[in-house]
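Okay, here's what each chain looks like letter by letter:
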Amino acid sequence: NLIKNSQYSNLILVKNINLIYNLIINSIYFHEDDENYEEKFISNNNYFISEYAKIGKNVKIGINSIICRGVQIGDNVIIKNNVIIKNSIVGNNVNIGDNSVIGGTGFGFDLSTFGANNLKPHIGIVYLDDNVRIGSCCNIDRARIHITYIGLNTMLDSQIHIGHNVYIGKNCCFAAQTG
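These notes cover the structure that comes with them. Quick caveat, the model's predicted, so the values are computed rather than measured.

### Some words on the overall build of the chain
Phase 1 of the analysis: If you tally the helices and strands in the chain, you get two helices and 20 strands.
Phase 2 of the analysis: Across the 179 residues in the chain, those meeting the buried criterion constitute 36%.
Phase 3 of the analysis: Contacts in the chain between residues far apart in sequence, at least 24 positions, make up 27% of those at least 6 positions apart.
Phase 4 of the analysis: By element, 51% of the accessible surface of the chain is carried by carbon and sulfur atoms, the whole surface being about 10,400 Å².

Shown next, in the form of structure tokens:
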């Protein structure tokens, strides 16, 4: 897939940029879509928290919820039942409704090569700012490279899907400047 270019010594041309992107990301970053990815959880009161997650003060976590690697949760957060949070920073005073998934991999694929093994890795995060309320059965995808941002005081109703790299609510300009 690499093509040598004699005119420029520091230039590499590729035939399939999507394939090369996937190979580079998969060799540099440890992410949940990698077949060798492993997680270690601590079970506590019918929910699971990764050994690598950081949880603030006065956080209430519902039954069957899972807090994964790479998650930081602020203070006074309510996480209801059956919630999965991955690859996310959750601010203070956030409320996440039942059956929601925050920080899952987005829908990134190459139109010329379909299939589960050809998805583009997502290595970004979700950032839920302070005082955000997420309704039940919502999905907020982690960014492909940067941030999916839900701004200060934003309220999302039930059954909403937010795609990767979306900015919603107050301080969206702040989110764009943080990376």
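### Digging into the state of the cysteines
Such a bond, covalent and formed between the sulfur atoms of two cysteines, is termed a disulfide.
Phase 1 of the analysis: Evaluated as defined, the whole model comprises zero disulfides.
Phase 2 of the analysis: The thiol of Cys 138 is unpaired, and the distance to the nearest cysteine sulfur, on Cys 137, comes to 7.5 Å.

### Quick look at the sheet that holds strand 8 (residues 72-73)
Phase 1 of the analysis: Strand order in the open sheet made by the six strands is 5-8-11-14-17-20, with parallel pairing throughout. At either margin of the open sheet sits one strand with a lone partner, and together these are strand 5 (54-55) and strand 20 (167-168).
Phase 2 of the analysis: Where strand 11 (residues 88-90) meets strand 14 (residues 125-128), three bridges bridge the pair, whose relative direction is parallel. Bridging from a neighbouring strand, Ile 89 pairs with Tyr 127 of strand 14.

### Considerations on the environment of Ile 89
Phase 1 of the analysis: Note that Ile 89 resides in strand 11.
Phase 2 of the analysis: Looking at Ile 89, the relative accessible area reads 27%, which means it is partly exposed.
Phase 3 of the analysis: Separated by 36 residues in sequence, Ile 89 and Ile 125 have C-alpha atoms that sit 7.5 Å apart.
Phase 4 of the analysis: Apart from the residues lying within four places of it in its own chain, the contact partners of Ile 89 are Gln 72, Ile 125, Val 126, Tyr 127 and Leu 128.

### Regarding the nonpolar core
Phase 1 of the analysis: Ranked by size, the top nonpolar core spans 25 residues in total, and within it Ile 79, Ile 85 and Leu 128 carry the most contacts.
Phase 2 of the analysis: Of all the secondary structure elements, the ones that give two or more residues to this core are strand 4 (47-50) and strand 14.

### Focus on unusual backbone geometry
Phase 1 of the analysis: Phi is positive for Asn 76, close to 60°, though the residue is something other than glycine.
Phase 2 of the analysis: Counting through the fold element by element, Asn 76 comes out in the loop between strand 8 and strand 9 (78-79).
Phase 3 of the analysis: Assessed through its relative accessible area of 39%, Asn 76 is described here as partly exposed.
Phase 4 of the analysis: If you check the backbone angles, Cys 137 has positive phi at about 60° while not being a glycine.
Phase 5 of the analysis: A relative accessible area of 35% means that Cys 137 is categorised as partly exposed.

### Section: the pairing of strand 17 (residues 147-150)
Phase 1 of the analysis: Side chains Ile 147 and Tyr 149 of strand 17 all project onto a buried face; the interleaved residues Thr 148 and Ile 150 project onto the opposite face, where all are buried too.
Phase 2 of the analysis: Bridge analysis of strand 14 against strand 17 gives four bridges, and the strand direction is parallel. Within strand 17, the residue paired with Tyr 127 across the bridge is Tyr 149.
Phase 3 of the analysis: The sheet contact formed by strand 17 and strand 20 spans two bridges and is parallel. Residue pairing in the sheet places Ile 150 in a bridge with Ile 168 of strand 20.

Conventions we followed
- Residues numbered from 1 in each chain as written.
- Predicted model: local features only at pLDDT ≥ 70, side-chain atom pairs only at ≥ 80, totals over all residues.
- Heavy atoms only, no water.
- Helix = DSSP H or I, 4+ residues; strand = E, 2+ residues; numbered from the N terminus.
- Buried < 20%, exposed > 50% of the residue type's maximum accessible area, 1.4 Å probe, protein only.
- Contact = heavy atoms within 4.5 Å.
- Areas by Shrake-Rupley, 256 points an atom, 1.4 Å probe, with all protein chains shown as cover.
- Disulfide = S-S within 2.5 Å.
- Pairing = 2+ DSSP bridges.
- Core = buried A, V, L, I, M, F, W, Y, C linked by side-chain atoms within 4.5 Å.

Don't take any of this as a statement about function, it's just geometry.
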